[in-house]
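# Overview (structure and organization)
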Amino acid sequence: MAEPAGGVRIKLWDGPVRIVHWLLVILIAFSWWSSEDHLNWHRWSGYAIIGLVLFRIYWGFAGGGAARFASFVKGPRAIAAYAAKIGRRDVATTPGHNPLGAISVLALLAVLLVQVGTGLFVVDIDAFEGGPLSDRVSYDTGRALAQIHELSFRALQALVVLHVGAVLFYAIWKRTNLIGPMITGQRTLPTDPGFKGAPLWRLAAGVVLAAAIAWALSKGLRF
Ligand code: HEM
Ligand code: HEM
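A short tour of the structure in this document, coming up.

### Side note on the overall build of the protein chain
Along the backbone of the protein chain there are 8 helices and 2 strands. Taken from the N to the C terminus, the helices and strands of the protein chain come in the order β-α-α-α-α-α-α-α-β-α. A burial count over the protein chain gives 24% of its 223 residues as buried. Partitioning the contacts of the protein chain with sequence separation of at least 6, the portion at a separation of at least 24 is 71%.

### With respect to the site of ligand 1
Neighbouring ligand 1 are 19 residues; I28, H97, V105, L178 and M182 lie closest to it. Going through the elements one at a time, α1 (15-34), α5 (99-119), α6 (139-172) and α7 (179-184) are the ones with two or more residues in the shell around ligand 1. Top element by residues in the shell around ligand 1 is α1. It accounts for 6 residues. Looking at the shell around ligand 1, its residues break down into 14 nonpolar, 4 polar and 1 charged.

### Looking at helix α2 (residues 39-62)
The terminal C-alpha atoms of α2, which comprises 24 residues, lie 34 Å apart, in line with the 34 Å expected from a rise of 1.5 Å per residue. Among all positions in α2, only S45, G46, Y47, I49, I50, G51, L52, V53, L54, F55, R56 and W59 are buried. The elements touched by buried residues of α2 are α1, α5 and α8 (200-218).

### A look at unusual backbone geometry
Most of the time, phi is negative for any residue but glycine, and the peptide bond is trans. In the Ramachandran plot, A127 falls in the positive-phi region, its phi being about 55 degrees despite a non-glycine side chain. Within the element layout of this structure, A127 appears in the loop between α5 and α6. Overall, the presence of 12 C-beta atoms within 10 Å leaves A127 in the exposed class. Although it is not a glycine, R175 adopts a positive phi angle of roughly 50 degrees.

### Regarding the packing of α2 against α5
It is the contact of α2 with α5, at a shortest axis distance of 10 Å, that shows an interaxial angle of 140 degrees. In terms of axis orientation, α2 runs oblique to α5. Where α2 crosses over α5, the handedness of that crossing is left-handed. Residues G46, I49, I50, V53, R56 and I57 of α2 form the contact with α5, whose own contacting residues are L109, L112, L113, V116 and G119. Across the contact of α2 with α5, the residue classes break down as 8 nonpolar, 2 polar and 1 charged.

### Digging into the site of ligand 2
Taken together, the neighbourhood of ligand 2 is formed by 25 residues, with S35, G46, G119, D124 and A146 sitting nearest. If you list the elements that add at least two residues to the shell around ligand 2, you get α1, α2, α5 and α6. Sort the elements by how many residues they give to the shell around ligand 2 and α2 lands first, with 6 residues. Residues of the shell around ligand 2, tallied by class, amount to 12 nonpolar, 9 polar and 4 charged.

### Thoughts on α6
Spanning 34 residues, α6 covers 49 Å between terminal C-alpha atoms, matching the ideal 50 Å at 1.5 Å per step. Among all positions in α6, only G142, L145, A146, H149, S152 and Y170 are buried.

### Points about the pairing of strand β2 (residues 186-189)
Alternating positions in β2 separate cleanly, R187 and L189 being buried on one face and Q186 and T188 remaining unburied on the opposite face. Summarising the sheet, strand β1 (residues 8-11) and β2 pair through 4 bridges and their orientation is antiparallel. Bridged to I10 within β2 is R187.

### Comments concerning the packing of α5 against α6
Packing of α5 against α6 leaves a shortest axis separation of 9 Å and a crossing angle of 155 degrees. With respect to α6, the element α5 is oriented roughly antiparallel. α5 and α6 meet at a crossing whose hand is left-handed. Contacts from G101, S104, A107, L108, V111, L112, V114, Q115, T118 and G119 in α5 reach L145, I148, H149, S152, F153, A155, L156, L159, L162, H163 and A166 in α6.

About the cut-offs
Residues numbered from 1 in each chain as written. Chains lettered and ligands numbered in written order. Predicted model: local features only at pLDDT ≥ 70, side-chain atom pairs only at ≥ 80, totals over all residues. Helix = DSSP H or I, 4+ residues; strand = E, 2+ residues; numbered from the N terminus. Buried ≥ 20, exposed ≤ 12 C-beta atoms within 10 Å, placed from the backbone. Contact = placed C-beta atoms within 7 Å. Near = placed C-beta within 6 Å. Nonpolar A, V, L, I, M, F, W, Y, C, P; charged D, E, K, R; others polar. Expected span 1.5 Å × (residues − 1). Axes fitted to C-alpha atoms, helices over the stretch in contact; angles between N-to-C directions. Parallel < 35°, antiparallel > 145°, perpendicular 65-115°, else oblique. Left-handed = near helix turned anticlockwise from the far one by under 90°. Pairing = 2+ DSSP bridges.

As structure tokens, then:
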């Protein structure tokens, strides 16, 4: 696939972003599969997803370079300007998520928050199975949240189809390989955006914090 001539090869996606991404892909598929008859595994997969999503949100503020929300979340004007040119058959050169893609990233994270947030409280129809906090709400509330849990999964599926469709659109129409960089972290760009990584202690703090919250929720906040 085309790369800008005479460009510089940079580290675009850091390890945490890539690991979170591909673990989310695997665990969401697993959560889907396990949601019918393996609710114990479904809950464990859900706790891992809670940790990953919380960490990714933290990393959007505390991480460096292209991981930071401030580096890719843009206002309506920038989004409209980018959307107006989206059909052009040129190689995409945004260092990180483009202004339109940023909306999809935020939407995916928001729907995932709803998915795991409702999962914590859901109760099944015969009140036999539920999330770890389901005993803190009434049966009717737990059932209503179960319906939202199901609806938000439909929304998540739609967003993922759109997301993968967009990545394929870039690959086929714009001859821009976005998948390679999400695997290797490396990307060739016309100029070096001069991204700086975050110190290791911030990574460690985020991992510990996200894991601790996920663990506490898995215990139903009972210690
Ligand atoms: C359950 C399915 C998926 C979810 C929830 C998901 C979610 C996300 C999220 C949240 C990001 C933003 C990454 C970040 O900044 O941390 C992202 C980026 C990305 N994803 Fe996925 N993804 C899924 C499946 C896939 C699949 C199957 C592919 C490969 C075909 C893919 C390819 C990519 C690529 C290439 C990017 C970077 C896009 C860019 O350069 O702006 N994703 N995804
Ligand atoms: C991204 C993460 C998740 C996904 C994709 C997901 C998806 C699903 C789906 C598709 C169902 C079946 C809905 C139906 O047809 O009735 C379901 C049910 C359920 N989920 Fe999740 N879920 C996630 C996270 C969680 C979490 C974190 C918990 C709790 C720890 C949880 C607990 C449950 C329970 C108890 C049910 C059964 C409820 C019922 O029978 O109505 N889920 N989930």
